[in-house]
Structure formats: C-alpha cells, structure tokens
Amino acid sequence: MLNSQIKRTSCPRCLRPESACLCRWIVPLPNVVEVLILQHPLEVNNAKGSARLLDLCLQDSRMIAGEQFDESLLQATLYANDKQPVLLYPATSLNEAPDLQYQPVDLVLQEQLLSDLRLVIIDATWRKSRKMLYLNSRLQQLPRLSLQDMPASHYRIRKAHAPDQLSTLEATAYALMQLERDEGKYQPLLQAFDGFVGQQMGFRPA
C-alpha cells in the first residue's frame, strides 16, 4: 500500500510525479502576445509532452483539453476580451479544400497591437492536429502564422518525420520571437526545454 501511495504522489504545481517534476525548469516569461493552447486529450498525461512546461513558463497563457469543441464555446474562447486570434499552423492542410481563403496574417499584424493578439496553438501529433482542425471549423477560419526555415528540433524524446518538425514549446517560442521581434527574450524558454528533454532522456534505460 505504501509503494502505491508513493507512485501516486504528484507535484501540485506541474501535476507530474514528484520524480519527474518540471518545476526546476520553469522560467517565468512576460509574453506580450497571449497564448491559447488547445491540447488533444491524448497529450494531457503524456510525460514527453512540452505544453505543460510551456504553459507554466508563460505568464499570459491558457490550456484547454479537447478534440472537438463546442462551437459557441470555442468562438467565445477565441475572441474573449476582443482579442484577435491567430492560428500557428501551416498555410494549407491535406484535409481542407484547396480554394479555402484565409485572411493574410501580415494584414492582421498591421492592424492589431501585439497585446491584442491571441496566438492559438494545437498541441497534438501531426495527424491528430489535422483532425482537430478538420473537426473545428472555427479554427479553419482563423488567419494563420506559419514558421519558415526553422532550426532542427531538440525534441530527442519523440519521433519526428522531419528535422524541422518542432515540439509545441519550440514552435510557440519561435512564433513569439517572430511576432514580438525579440529573439533573446525567449531563449530561456528553449534552454528550459533542453533541460526538460535531458531529464526525460535520463529516465530511459541504459
């Protein structure tokens, strides 16, 4: 009984088992652009996921779990406080009609203050993220921010299909750098991610 109680002991802040606590890697960062993380249910308890650390580091972020969201609730969440949501996602998707039109993100950035933007992140595998986009028409209608020419990911604990496929934390960090035009500000976030990845690597059998 004692052993089972020890195994269930979790950190109240990061919600991870105390042996895998993330709190040592948390670096509070005052992001100007608010971040909304839509997390697939399969990622909620995934020890290799980076979204929890991301949410704990950013001072203006929110994370919601689900795959198909109530349309009216999602609409209210996306546009809460009259903010303009921008989806971090490639400009096209295999599940969408090729003639679907998007508002150019550059035009949105010209018309909005950074503090009025809400960066929307889908935290899921590539296949699951496409399904979430397909199931939620409100997300399909958002202007999109796509990252180009990104460095190789440091996400050594999960398999990627290409070197430039980034973790949720890395992609968000680079997106915030681009939007806020401040690369140095979010370097501590990437360094924290490296520490987290190293910690997870240490749990692997020799």
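These remarks concern the structure in this document.

What counts as what
Residues numbered from 1 in each chain as written. Predicted model: local features only at pLDDT ≥ 70, side-chain atom pairs only at ≥ 80, totals over all residues. Heavy atoms only, no water. Helix = DSSP H or I, 4+ residues; strand = E, 2+ residues; numbered from the N terminus. Contact = heavy atoms within 4.5 Å. Areas by Shrake-Rupley, 256 points an atom, 1.4 Å probe, with all protein chains shown as cover. Buried < 20%, exposed > 50% of the residue type's maximum accessible area, 1.4 Å probe, protein only. Pairing = 2+ DSSP bridges. Salt bridge = Lys/Arg side-chain N within 4 Å of Asp/Glu carboxyl O.

### Comments concerning the overall build of the protein chain
A tally of regular secondary structure across the protein chain gives eight helices and five strands. Listed N to C, the secondary structure of the protein chain is α-β-α-β-α-β-α-β-α-α-β-α-α in terms of helices and strands. Restricting to contacts in the protein chain with at least 6 residues of sequence separation, those with at least 24 account for 78%. Element-wise, carbon and sulfur atoms account for 51% of the exposed surface of the protein chain, whose accessible area totals about 11500 Å².

### Structural notes on helix H5 (residues 126–135)
It helps to recall that an α-helix has 3.6 residues per turn; residues three or four apart then point in one direction. Among the residues making up H5, those that are buried are Lys 128, Ser 129, Arg 130, Met 132 and Leu 133. Those residues of H5 that are buried are in contact with strand S1 (34–39), strand S3 (84–88), strand S4 (117–123), helix H6 (137–140) and strand S5 (144–145).

### Considering the pairing of S3
Within S3, five of the five residues are buried, leaving the element largely enclosed by the surrounding structure. Both faces of S3 are covered, namely the face carrying Gln 84, Val 86 and Leu 88 and the face carrying Pro 85 and Leu 87. The sheet contact formed by S3 and S4 spans four bridges and is parallel. When the bridges of S4 are listed, Gln 84 appears paired with Leu 117. Relative to S5, S3 runs parallel, the two sharing two bridges. Bridging across to S5, Leu 87 finds its partner in Arg 144.

### Considerations on the environment of Leu 189
When you line up the elements, Leu 189 lands in helix H8 (residues 187–202). Note on Leu 189: relative accessible area 0%, which makes it buried. Separated by 20 residues in the primary sequence, Leu 189 and Leu 169 have C-alpha atoms spaced 8.1 Å apart.

### Overview of the pattern of salt bridges
One pass over the full model with this rule turns up six salt bridges. The closest approach of N and O atoms between Arg 138 and Glu 71, which form a salt bridge, is 3.3 Å. Within this pair, whereas Arg 138 is found in helix H6, its partner Glu 71 is found in helix H3 (residues 71–78), the two being separated by 67 residues in sequence. Of the residues examined, Glu 71 reaches a relative accessible area of 44% and is grouped as partly exposed. In the salt-bridge network here, residues are joined through shared partners; they are Glu 34, Lys 83 and Arg 118.

### A few points about the sheet that holds strand S2 (residues 61–65)
Strand order across the open sheet formed by five strands is S2-S1-S4-S3-S5, with parallel pairing between neighbours. Of all the strands in the sheet, just S2 and S5 have a single pairing partner and so form its edges.

Everything listed is a geometric property; what it means functionally is a separate question.
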